[in-house]
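Residue-level structure breakdown
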2 protein chains.
Amino acid sequence: MNKNICITLQYDGGRYDGWQKQGNTEETIQGRLEAMLSKLFEQDVEVQGSGRTDAGVHAVGQVANFHVNTVYGPGKIVEQMNRYLPKDIVVTDARIVDARFHARLNAKRKTYRYRIGTGFARPVFGRQYLWYYPAELSVEAMRQAAAFLLGEHDFTSFCGNRHRKKSNVRTIESITIEETVPVVGDGEFPELVISVTGNGFLQNMVRIIVGTLVEIGEGKRPPEQMGAILAARDREQAGATAPAHGLTLWSVEY
Amino acid sequence: MNKNICITLQYDGGRYDGWQKQGNTEETIQGRLEAMLSKLFEQDVEVQGSGRTDAGVHAVGQVANFHVNTVYGPGKIVEQMNRYLPKDIVVTDARIVDARFHARLNAKRKTYRYRIGTGFARPVFGRQYLWYYPAELSVEAMRQAAAFLLGEHDFTSFCGNRHRKKSNVRTIESITIEETVPVVGDGEFPELVISVTGNGFLQNMVRIIVGTLVEIGEGKRPPEQMGAILAARDREQAGATAPAHGLTLWSVEY
């Protein structure tokens, strides 16, 4: 019986070349999943993700779907997939969806989280999932700057792909910047968590937004400059691209 | 000025051959610290830990001390050490202590924590710090068995070093077994956290206790057998040694 299976998955992107398969390499998440599923179900299986994640970026709630002929139910599929997936990828849920469901085309909203370790001491535990950058950052200035990005805009200034021909118009629904202080034993490891929710994201978009916000937080640029950067539609005007390993695709809504 | 410096440190033991230096290798925590401190202070520095941790075991609150001639205060020492230490070791605190203070001889009490992932899905985040063993474990049986170990006993049955000549008598003050369900995104990753506090621990002692408790939790042995295992003073009577990567030295009290 042909089923359209929608899965939620988590991965540590540290050792992968990102989501999207490239040629025959299994060193992408999509490539790994397709190779495993094709073997498991003894048929060619193509996996459609909600979107690509860059090399080194993690996911806590990536969503993907695939069509497969199988008698297995969702529980059995989760079990079998986790049995054969490497330790840095796990399926947390599977459900049978309408044949027309498409993980990318039907995605309404995505949330990314970027963690910046700002404390005196580098965190050891979880260090793979945040950017340690112990500068004094003005959260107030960063929030002021972030407000310029809300709504529908052409985000060309925040797009890492300079050869892109399609529309760079996207809508950012919210950007929050929270200060938290995770405690591990006697150690305190303050961090900023920047959450960005929008209807879609360009290549490196969240990382360039974060890199620019950090420069503003450090006082290297005034918060008001964010409006001019956005209006310029020029990647050169924005700040550096923040490192991949601080970024996690948090959730996808349909 | 000669100072006796007491530090608290955290490490991810994953890629180390344990705490204790062996010959010239820097692949031990102690070896790494001594090499770095000797270079930093341009003098031979010996580091005394509260105790050894096995290869692969982590620490959230290891304590160590060293004597050094320096004008640096504790804050500067923490800063300099963290500047030169690798990313999987961090110093969270330093203080100047009495010249006679000795991190091992003066330790009164240590707490270790062992995490067992028991859920349907393997956790991806933090997987390096727990043993994923998705069996149905009777926590009640494990608690009953653990009670036999409380107090002062000869723990030869739980000692991994068969050639040991010194006393194997130690006191366990408490063993707690807690069920928690960390949530990551939409995923739930239930685990058991076994905390053991005592005045000292033999080689592999906590790991053999955990391995034995797990066999009891699975119903392979009755809880009452723990008393006989302890009384036998025979390593063969106890269960398997649980994997190193689930264990963390949590704290040391003086």
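Above this text sits the structure in question.
Definitions and limits used
Residues numbered from 1 in each chain as written. Chains lettered and ligands numbered in written order. Predicted model: local features only at pLDDT ≥ 70, side-chain atom pairs only at ≥ 80, totals over all residues. Heavy atoms only, no water. Contact = heavy atoms within 4.5 Å. Buried area = accessible area lost by both parts, 1.4 Å probe. Salt bridge = Lys/Arg side-chain N within 4 Å of Asp/Glu carboxyl O. Polar contact = N/O pair within 3.5 Å; in protein donor to acceptor, adjacent residues only side chain to side chain. Helix = DSSP H or I, 4+ residues; strand = E, 2+ residues; numbered from the N terminus. Buried < 20%, exposed > 50% of the residue type's maximum accessible area, 1.4 Å probe, protein only. Pairing = 2+ DSSP bridges. Axes fitted to C-alpha atoms, helices over the stretch in contact; angles between N-to-C directions. Parallel < 35°, antiparallel > 145°, perpendicular 65-115°, else oblique. Left-handed = near helix turned anticlockwise from the far one by under 90°. Nonpolar A, V, L, I, M, F, W, Y, C, P; charged D, E, K, R; others polar. Core = buried A, V, L, I, M, F, W, Y, C linked by side-chain atoms within 4.5 Å.

The partner chain A presents 31 residues to the 31 residues of chain B that form the contact. For the chain B and chain A pair, buried surface summed over both sides reaches about 2400 Å², with 61% attributable to carbon and sulfur atoms. It is Phe120(B), Arg122(B) and Phe125(B) in chain B that bury the most area against chain A; as a group they hold 26% of the surface buried on that side. At the junction of chain B with chain A, the criterion picks out two salt bridges. For Asp12(B), the salt bridge goes to Arg127(A), with nearest N and O atoms at 3.2 Å. Linking chain B with chain A are 12 residue pairs in polar contact (both at pLDDT 80 or more), by the criterion used here. Broken down by secondary-structure element, the contributors of at least two residues to the side of chain B that touches chain A are β1 (2-11), β3 (58-69), α2 (74-84) and β4 (89-97) of chain B.

All names here are of chain B. In terms of residue burial, strand β11 (residues 191-198) counts as a mostly covered element, since eight of its eight residues are buried. Covered by surrounding structure in β11 are Glu-191, Val-193, Ser-195 and Thr-197 together with Leu-192, Ile-194, Val-196 and Gly-198, the residues of both alternating faces. Inspection of the sheet shows strand β5 (residues 109-117) paired to β11 by eight bridges, in the antiparallel sense. Paired with Arg-113 across the two strands is Ser-195, which belongs to β11. Sheet analysis places strand β8 (residues 169-180) next to β11, joined by eight bridges and oriented antiparallel. Across the sheet, residue Ser-174 finds its bridge partner in β11, namely Thr-197.

Moving on: the packing of helix α3 (residues 139-147) of chain A against helix α4 (residues 205-217) of chain A. All names here are of chain A. Two elements in contact, α3 and α4, have axes whose closest approach is 8 Å; the angle formed by their N-to-C orientations is 135°. When the interaxial angle is binned, α3 and α4 end up oblique. Like other packed secondary-structure pairs, α3 and α4 cross with a definite hand, here right-handed. Contact with α3, carried on its side by Ala-141, Met-142, Ala-145 and Ala-146, involves Leu-213, Val-214, Ile-216 and Gly-217 of α4 and no other residues of that element. Looking at the contact of α3 with α4 residue by residue, the classes come out as seven nonpolar, one polar and no charged.

In this structure, Phe66(B), Met81(B), Phe158(B) and Ile194(B) are the most contacted members of the largest nonpolar core, which totals 71 residues. Broken down by element, the residue count for this core peaks at eight residues, all from helix α4 (residues 205-217) of chain B.

A word on the packing of helix α1 (residues 29-41) of chain B against α2(B). Residue and element names in this part refer to chain B. The contact between α1 and α2 brings their axes to 10 Å, and the two run at 120°. Taken as a pair, α1 and α2 cross one another with a handedness that is right-handed. The residues of α2 that touch α1, namely those facing Leu-33, Met-36, Leu-37, Leu-40 and Phe-41, are Ile-77, Gln-80, Met-81 and Tyr-84. Counted by class, the contact of α1 with α2 contains eight nonpolar, one polar and no charged residues.

Nothing here speaks to function; it is all geometry.
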